[in-house]
Amino acid sequence: MAEGRYTHVTFPPENPRPQLQRDALCIRVMRLTKPALTLNHPITCDTSDLPKDSFNHVLKNDLTTVQDAPNLGIGELMTLPQNFGNIFLGETFSSYISVHNDSSQICRDVMVKADLQTSLQRLSLSGASNEPVPELPPNTSIDDVIHHEVKELGTHILVCAVTYTTASGEKMYFRKFFKFQVLKPLDLKPKFYNAESDEVYLEAQIQNTTPSPIYLETVSMDPSPEYVANELNQVPSENGKEKKLVYGKVNVLNPMDTRQYLYCLTPKPELYGESKIIKGVTNIGKLDIVWKTSMGEKGRLQTSPLQRVAPGYGDIRLTVEYMPDAIPVEKPFNVTYKVTNCSDRTMDLTLALENTRGCGLLWSGLSGRQLGKLGPSESKKLNLGLIGICQGLQTISGLKLTDTFLKRTYEHDEIAQIFIYSSNSNSG
């Protein structure tokens, strides 16, 4: 609890040099927090040791010891907070404000106003009284409770201002300042992984930076209008109908522990069609995290928009649309490719197939054929044949595309891998 009692200037000043006098009212501000469980440090030993049962006897008679569990560090009692404590981003700051009349006179038109000053803005807390109290007799108080969800880091100043009129009709005004720091409860490290199918995998590493365990109630992804999010943090339950979190029912995160959450974000087809190319920096959405402390106090954080840089594909992008997983040796098979023009100009493409020496795959088809013109952001599918001549995991290489307009050749090697197995061993 903090008390404000100072000499202040009358308002408005009657003389050029203000006169200092003692206020009839005083203000007290106290933060409202929940109690905590007492912590004890049990010390015990075996009865064959030198202290014998002395440690166990003291531990048994300790008020903080849990019955039938004397070695448990958490006691059965609760303790009130002894200091202001820590305030973390996303929590609700609650404060009790009391203005007391210590004088022997009646104060009139008492007005209490509470503002919260941050580095970016000044907020008027709606919990404070907006209407003046007509009369405040001696030894009486004006009490109010304010609540505010903390959404900024750094220094916060609670400004409590009181205006009133004395019995002689003099207007008085004074303020009291309370400074506190808002700390960061969670440390988030996002990692992006780009897939060939334009899907984006987001790995969110969440670390508990508070000194106490927290319970992660929900961690959800709010995608941007351009993406659809799929959560990959649940597995089917035993009955197969419901899904459960991979971390279990009680999702507790101890201090300085880190937990990973995985999401798959897919571009919406109506915004990014088959031939649409995602370029530059894109906004994929926000993470919404809700947690609870050991005493049930709730906190919530929503990150700023997460942005990822789309991978660069050069002038031409070649992707595999369909390919079998395994094929018998010396058996022809087909692979479907998609060629996309990622440049800003029209291309006239020619396809060339070259068999690499030492490779276990051979192209089966016509090389040097014309593919025709391909405009910017347009795509064309190719169905090309191959045949495996060696067993094992083989790599597809040797595909070349030439732009006849600029006489520029684009070579594509190590496009994909396929397993070639022996037909005799498969039949057996």
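See the structure above.
Predicted model only: the values in this text are computed from it and were never measured.

Draft legend 1. Highlighting the overall build of the protein. Helix and strand counts for the protein stand at two helices and 36 strands. The buried share among the 428 residues of the protein stands at 37%. Within the protein, residue pairs in contact and separated by at least 24 positions form 69% of the contacts whose partners lie at least 6 positions apart. On the protein, roughly 25,000 Å² of surface is accessible, and the fraction owed to carbon and sulfur atoms is 51%.

Draft legend 2. How the structure looks around the sheet that holds strand 22 (residues 258-267). Reading across from one edge, 15-16-22-18 is the order of the four strands in this open sheet, with antiparallel pairing throughout. Single-partner strands in this sheet number two, and they are strand 15 (186-194) and strand 18 (227-231). With direction set aside, neighbouring strand axes in the sheet form an average angle of 25°. Both strand 15 and strand 16 (residues 200-208) contribute to a ladder of nine bridges, which runs antiparallel. For Leu-186, the partnering residue across the bridge sits in strand 16 and is Asn-208.

Draft legend 3. Structural view of the sheet that holds strand 35 (residues 408-412). The strand order across the open sheet formed by four strands is 31-29-34-35, and the pairing between neighbours is antiparallel. Looking at which strands have only one partner, the edges of the open sheet turn out to be strand 31 (369-374) and strand 35. Neighbour to neighbour, the strand axes of the sheet diverge by 25° on average, direction disregarded. The pairing of strand 34 (residues 399-403) with strand 35 spans five bridges and is classified as antiparallel. Paired with Lys-400 across the strands is Glu-411, a residue of strand 35.

Draft legend 4. Layout of the packing of aromatic side chains. Under the defined criterion, the tally for this structure stands at three aromatic pairs. With a centroid separation of 4.8 Å and 25° between ring planes, the pair formed by Phe-93 and Phe-180 is classed as stacked. One end of the pair, Phe-93, is in strand 8 (residues 92-101); the other, Phe-180, is in strand 14 (residues 171-183), with 87 residues separating them in the sequence. Of the two residues, Phe-93 and Phe-180, neither departs from the other in class, the shared state being buried. Seen from their ring centres, Phe-419 and Tyr-421 are 6.5 Å apart, and the 20° between their planes marks the pair as stacked. On the basis of relative accessible area, Tyr-421 is assigned to the buried category, the value being 19%.

Draft legend 5. Local environment of the state of the cysteines. Inspection of every chain in the model, using the stated rule, returns zero disulfides. Free of any disulfide, Cys-390 has its nearest cysteine sulfur in Cys-359, 8.3 Å distant.

Draft legend 6. Expanded view of the environment of Glu-149. Within the secondary structure layout, Glu-149 lies in strand 12 (residues 141-149). Under the relative-accessibility criterion, Glu-149 is labelled partly exposed at 34%. In sequence terms Glu-149 and Leu-89 are 60 residues apart; their C-alpha atoms lie 8.3 Å from each other. Beyond its immediate stretch of four places on either side in the chain, Glu-149 contacts Gly-90, Glu-91, Thr-92 and Arg-300.

Draft legend 7. Looking closely at the environment of Asn-101. Mapped onto the fold, Asn-101 is located in strand 8. Ignoring anything within four residues of it in the chain, the contact list for Asn-101 reads Ala-24, Leu-25, Ile-106, Cys-107, Leu-136, Pro-137, Pro-138, Asn-139 and Thr-140. Reaching out from Asn-101, the side chain makes a polar contact with the backbone oxygen of Pro-137 at a distance of 3.2 Å.

Draft legend 8. Inspection of the nonpolar core at higher detail. Grouped together as the largest cluster of nonpolar side chains are 48 residues, with contacts concentrated most on Leu-25, Ile-27, Ile-97, Val-110, Leu-158, Val-162 and Tyr-164. Counting 27 residues, the second largest nonpolar core, distinct from the first, contains Val-339, Met-347, Trp-363 and Tyr-410.

Draft legend 9. Layout of the pattern of salt bridges. Applying the stated criterion to the full structure yields 11 salt bridges. The salt bridge involving Glu-135 is made with Arg-108; its shortest N-O contact spans 3.8 Å. With a gap of 27 residues between them, Glu-135 in strand 11 (residues 133-136) and Arg-108 in strand 9 (residues 107-117) connect regions that are remote in the sequence. Note on Glu-135: relative accessible area 44%, which makes it partly exposed. Taking the shortest distance from any N to any O, the salt bridge between Arg-345 and Asp-403 comes out at 3.6 Å. Of the two residues, Arg-345 is situated in the loop between strand 28 (332-341) and strand 29 (347-353) and Asp-403 in strand 34; the sequence distance between them amounts to 58 residues. Overall, Arg-345 belongs to the partly exposed group, its relative accessible area being 25%. When salt bridges with common partners are traced through the structure, they connect Asp-315, Arg-345, Asp-403 and Arg-408 into a single cluster.

Draft legend 10. Structural view of unusual backbone geometry. Not every positive phi belongs to a glycine, and Lys-407 is a case in point at roughly 55°. With respect to the secondary-structure elements, Lys-407 resides in the loop between strand 34 and strand 35. Of note in this structure, Glu-414 is not a glycine but carries a positive phi near 50°. Of note, Glu-414 is situated in the loop between strand 35 and strand 36 (416-421). In this structure Glu-414 comes out as exposed when scored by relative accessible area, which is 65%.

The rules behind these values
Residues numbered from 1 in each chain as written. Predicted model: local features only at pLDDT ≥ 70, side-chain atom pairs only at ≥ 80, totals over all residues. Heavy atoms only, no water. Helix = DSSP H or I, 4+ residues; strand = E, 2+ residues; numbered from the N terminus. Buried < 20%, exposed > 50% of the residue type's maximum accessible area, 1.4 Å probe, protein only. Contact = heavy atoms within 4.5 Å. Areas by Shrake-Rupley, 256 points an atom, 1.4 Å probe, with all protein chains shown as cover. Pairing = 2+ DSSP bridges. Axes fitted to C-alpha atoms, helices over the stretch in contact; angles between N-to-C directions. Phe/Tyr/Trp six-rings, centres within 6.5 Å; stacked < 30°, edge-to-face > 60°. Disulfide = S-S within 2.5 Å. Polar contact = N/O pair within 3.5 Å; in protein donor to acceptor, adjacent residues only side chain to side chain. Core = buried A, V, L, I, M, F, W, Y, C linked by side-chain atoms within 4.5 Å. Salt bridge = Lys/Arg side-chain N within 4 Å of Asp/Glu carboxyl O.

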